[in-house]
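Letter by letter, the chains look like this.
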Amino acid sequence: MNQALDREGKTVAMKVQFERGDSVKFGEKWCKEHNCDHLIGKTVMMTPQWFDYDDDHGGGVDECPGMAVIDGEDPQSIFHLFGNDFENFMDCEHIKGTDDDKVAYKKIIEEVHEAEAKAWESFAASSEYDFGHIEN
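Residues numbered from 1 in each chain as written. Predicted model: local features only at pLDDT ≥ 70, side-chain atom pairs only at ≥ 80, totals over all residues. Heavy atoms only, no water.

*Asks:* Quick one: what's the story with the nonpolar core, residue by residue and with numbers?
*Replies:* Counting 19 residues, the largest nonpolar core has Val24, Phe26, Trp30, Met46 and Phe82 as its most contacted members. Discounting residues that sit within four places of it in the chain, Phe82 has contacts with Val24, Phe26, Trp30, Glu87, Asn88, Phe89 and Cys92. (Core = buried A, V, L, I, M, F, W, Y, C linked by side-chain atoms within 4.5 Å. Buried < 20%, exposed > 50% of the residue type's maximum accessible area, 1.4 Å probe, protein only. Contact = heavy atoms within 4.5 Å.)

So, in structure tokens, the structure goes:
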């Protein structure tokens, strides 16, 4: 839980209701604690990122809002960045996405799915692999 001040100046718990297409304005305290001075005061729209997960059925890949990290490191989800309950949101600001932001977010996902489908079609059509043993 993040904290905020109510109208009377009392500290109250605040739950961040993050949705796909929303952005984060990074606060100085959070950035200094996470060695991200380059993000101080910057607003970044969280974009679709994909993460492997394990479960009782062999795992898979899930999409979650997050941000890519420089230098080829793994992307960070909003939960990696701020905690599962946004308990590490600190002095960052949650900025609700517009309808256009939400459409842009969905478009990224659609483009990735289309690219994956084309890659699989190309793979399946490749003469190097014989899929004749698979029945429809």
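Still more ground to cover, so stick around.
*Asks:* Would you mind going over the pattern of salt bridges in detail, with residue names and values included?
*Replies:* Enumeration over the complete set of coordinates arrives at 6 salt bridges. The residue Lys102 makes a salt bridge to Glu19 at a minimum N-O spacing of 3.3 Å. With Lys102 in helix H3 (residues 99-125) and Glu19 in the loop between strand S2 (11-14) and strand S3 (23-25), this residue pair connects regions lying 83 residues apart in the sequence. We note a salt bridge from Glu63 to Arg20, for which the minimum N-O separation is 2.8 Å. Note that Glu63 is positioned in strand S6 (residues 60-67) and Arg20 in the loop between S2 and S3, a separation of 43 residues in sequence. For Glu63, a relative accessible area of 19% translates into the label buried. One salt-bridge network, in which partners are shared between bridges, spans Glu19, Asp22, Lys96 and Lys102. (Salt bridge = Lys/Arg side-chain N within 4 Å of Asp/Glu carboxyl O. Helix = DSSP H or I, 4+ residues; strand = E, 2+ residues; numbered from the N terminus.)

*Asks:* Residue-level account of the sheet that holds strand S4 (residues 43-45), with values.
*Replies:* Overall, antiparallel pairing links the 3 strands, which are arranged S4-S3-S8 in an open sheet. Only two strands of the sheet have a single neighbouring strand rather than two, namely S4 and strand S8 (93-95). Within this sheet the neighbouring strands show an average axis-to-axis angle of 25°, counted without direction. The pairing of S3 with S8 spans 3 bridges and is antiparallel. Residue pairing for S8: Lys25 is matched across the bridge by Glu93. (Pairing = 2+ DSSP bridges. Axes fitted to C-alpha atoms, helices over the stretch in contact; angles between N-to-C directions.)

*Asks:* Residues and numbers for the pairing of strand S5 (residues 47-53), please.
*Replies:* Note: S5 against S6, 7 bridges, orientation antiparallel. What sits directly across from Pro48, in S6, is Pro65.

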